[in-house]
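Now for the letters of each chain:
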Amino acid sequence: MRKIKKQKIYLLALLLPFIMFVIGFEIGPLVAMIKNSFYADDGIQVAIDQYITIFKSEFYLQAIQNSLVISLFSAVTSVIIAVIAAYSITKFSQKIQNRLLMIANMTSNFEGIPLSFSFIILLGNNGLFTLLFSKIGGDVFADFNLYSWTGLILVYIYFQIPLAIMLIYPSYQGIKKQWKEASSLLGGSTLSFWLHIGIPVLLPSIVGTFSILFANSMGAYATAYALVGSNYNLLSLQIASLVASDVALKPQLGSAMGVLLAATMIGAMWFNERMMRRIRRDLR
Amino acid sequence: MKSSLTFHKVIVGLLVMYLLIPLVGTFLFSIAGKWDHTILPESYTMDWYIELFQDERFYDAFRRTLFLIVMSVGLSVVIMLPTIFIITVYFSKWEGLLQAAAMLPYGIPPIVGAVGLIKVYSDGPIQIAGTPWILIGAYFITILPFMYQGIRSSLRTINAVQLVDAAELLGATKFQSFRTVVFPNIISGILVSTLLSVALLFSEFAFANLLVGGRFETIQIYLADKLNSSGHLTSAIVITYYSMILLLTGIVLKLTFRNEKNPVGSNKKRILSFFKKKYCNKNTAIEGEK
């Protein structure tokens, strides 16, 4: 009996490094951030000043709004493209399907700084396409500015699409050919099959993918940093400049914005869970 | 029916073009001599690569990134293997807690994580903000979800609990049963999540820039710094860097294919399957039947 107890203590001791890392670099910093967000600028006085500042400042509200709009827009667009593209992919032979998914997997690793750079040399001020189009005389790109909202959307969609395809593609495997046959035997058209069977089956996967993409772009920092620097007002860029820039550090304000960003992401996950429950109630 | 296949071909064709043009463009730019008003470069040259491979800064940045990766992935393997093994086999009631702690980082973007890390380590007893050591800690947490999933599912596939029971029944000590029975059987499973983690950390920029920045120039920081200088040279860096990532993910795909006979193994997909399992068991049941 005594020996077993001693062994248990040794085993528990082996867990210590893990616990230390989790406390030191995961839980600790999170708690510190939340706590710090409830201090005034001097870091001594306990106050909710920071949150009041954010919600009274047009500048910071705009940052939040811009981030939300870009994330929603890019997530919706990418999900729509992915739903259509993944369906088209399923129409090819297994070998080609695997190839296409390989391309999606490959390009999903092309993100952050290298991706932004790539778009800059293609579509930036002196980009290849920009110069080419201006020479051909097309005014299509005359109003296009990569270092703006449209540019950000374009790049965000680029890194969201491969991910969305890889997430949605598997759920098409769940739609059986026999279901289509049964539906048409019972007199259903292709449209009614998709309306009543196909889309409801895909819906949980679509909603789940949407909230992952949304969270993904809310937290995106590297891509935006490389593309627009501090020229565009985004939540993640503002947080970075408040806690780690060379000028005007405001760690308390940065913490409060960090808490808001984290809350948005938890909100997205919560929404995801609620939607799943609602949609799948029939199966529960 | 035929016209609808054409439609799918057009869709997939457009998609592949959209996905590949930036890559191909960057590649061509990196080997282009003169290229400004034509569709394809007017002349080709390897000068940019030669210049890159003579740049000491590039090698230094590469070495620093390697150092960070080896340290944090190494630490993660050494710490997570026994932790997950012990909890699965001997303290299974804490499994939920371990899972929560291991999956939490997936929901926290680096930008949020960095705020707290800077706060904790810029004053107080341990002042490591601005040094590579804080990055090693942050990276340990970043790769936690992937290492956890990899190790946990490997242990589950080999029925580790029963194996250890059997080994102990035959007189092996706890350490012996781990080292000679469990460990050799899960190495390949761990290899996949290790390589995934390496690829992930290779492309990590947010933590590196916010926590340490130019004081410890990693490959990503070097790249960001070069963004505004010669485009051709930067393309050469991007292509070199991306080839390494491709090589890593290529090996991962090969290994996953060999292990699971499933050609599209992706770290992100694995994570989603976790969420799906958590949020709607019924759904995965439908998807699971093949």
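Everything numeric in this text was worked out from a predicted model, so none of it was measured. (Residues numbered from 1 in each chain as written. Chains lettered and ligands numbered in written order. Predicted model: local features only at pLDDT ≥ 70, side-chain atom pairs only at ≥ 80, totals over all residues. Heavy atoms only, no water.)

Participant: I would appreciate a short explanation of the overall build of chain B in the present structure.
Facilitator: Helices and strands together make up the secondary structure of chain B, namely 14 helices and zero strands. Helices and strands appear in chain B in the N-to-C order α-α-α-α-α-α-α-α-α-α-α-α-α-α. Looking at chain B residue by residue over its 290 residues, the buried ones come to 53%. Long-range contacts, defined here as pairs at least 24 residues apart, represent 70% of the contacts in chain B between residues at least 6 apart. About 13,300 Å² of surface is accessible on chain B, with carbon and sulfur atoms providing 65% of the total. (Helix = DSSP H or I, 4+ residues; strand = E, 2+ residues; numbered from the N terminus. Buried < 20%, exposed > 50% of the residue type's maximum accessible area, 1.4 Å probe, protein only. Contact = heavy atoms within 4.5 Å. Areas by Shrake-Rupley, 256 points an atom, 1.4 Å probe, with all protein chains shown as cover.)

Participant: Got a minute to help me understand the confidence of the model for chain A in this structure?
Facilitator: Should the pLDDT be low somewhere, the predicted coordinates at that spot are not to be read in detail. Predicted confidence across chain A gives a mean pLDDT of 86, with 94% of residues reaching 70 or more. In the model of chain A, helix α6 (residues 128-136) of chain A stands out as the element of lowest mean pLDDT, 76, in contrast to helix α3 (residues 58-90) of chain A, which has the highest, 93. (pLDDT = per-residue confidence, 0-100.)

Participant: Please explain a nonpolar patch on the surface as it appears in this structure.
Facilitator: Residues and elements named next belong to chain A. Where nonpolar side chains cluster on the molecular surface, the patch consists of I34, F38, V46, I48 and I52 and spans about 450 Å² of accessible area. Its place among the elements puts I34 in helix α1 (residues 2-36). By relative accessible area, which is 42% here, I34 ends up partly exposed. (Patch = residues over 30% accessible without salt bridge, like charges linked within 9 Å, V, L, I, M, F, W, Y side chains within 5 Å. Salt bridge = Lys/Arg side-chain N within 4 Å of Asp/Glu carboxyl O.)

Participant: I would appreciate a short explanation of the packing of helix α3 (residues 56-89) of chain B against helix α7 (residues 144-157) of chain B in the present structure.
Facilitator: Axis angle and axis distance: for two packed helices, these are the angle between their axes and the distance between the axes, and together they describe the pair. Residue and element names in this part refer to chain B. Relative to each other, α3 and α7 sit at 45 degrees, their axes nearing to 10 Å. Accordingly, the angle class assigned to the pair α3 and α7 is oblique. Every pair of crossing elements has a handedness; the one defined by α3 and α7 is right-handed. Contact residues: S76, V77, M80, L81, I84, F85 and T88 in α3; L144, M147, Y148, I151, R152 and L155 in α7. Residues of the contact of α3 with α7, tallied by class, amount to ten nonpolar, two polar and one charged. (Axes fitted to C-alpha atoms, helices over the stretch in contact; angles between N-to-C directions. Parallel < 35°, antiparallel > 145°, perpendicular 65-115°, else oblique. Left-handed = near helix turned anticlockwise from the far one by under 90°. Nonpolar A, V, L, I, M, F, W, Y, C, P; charged D, E, K, R; others polar.)

Participant: Please explain the interface of chain B and chain A as it appears in this structure.
Facilitator: Many authors give the size of an interface as the accessible area that is lost as the parts come together. On the side of chain A, 89 residues touch chain B, which itself brings 90 residues to the contact. Both sides of the chain B and chain A interface together cover about 8,100 Å² of buried area, and 80% of this is carbon and sulfur. Our count for the chain B to chain A interface comes out at zero salt bridges. The leading source of residues in the side of chain B that touches chain A is helix α1 (residues 2-30) of chain B, at 16 residues. By residue class, the composition of the side of chain B that touches chain A is 61 nonpolar, 19 polar and ten charged. (Buried area = accessible area lost by both parts, 1.4 Å probe.)

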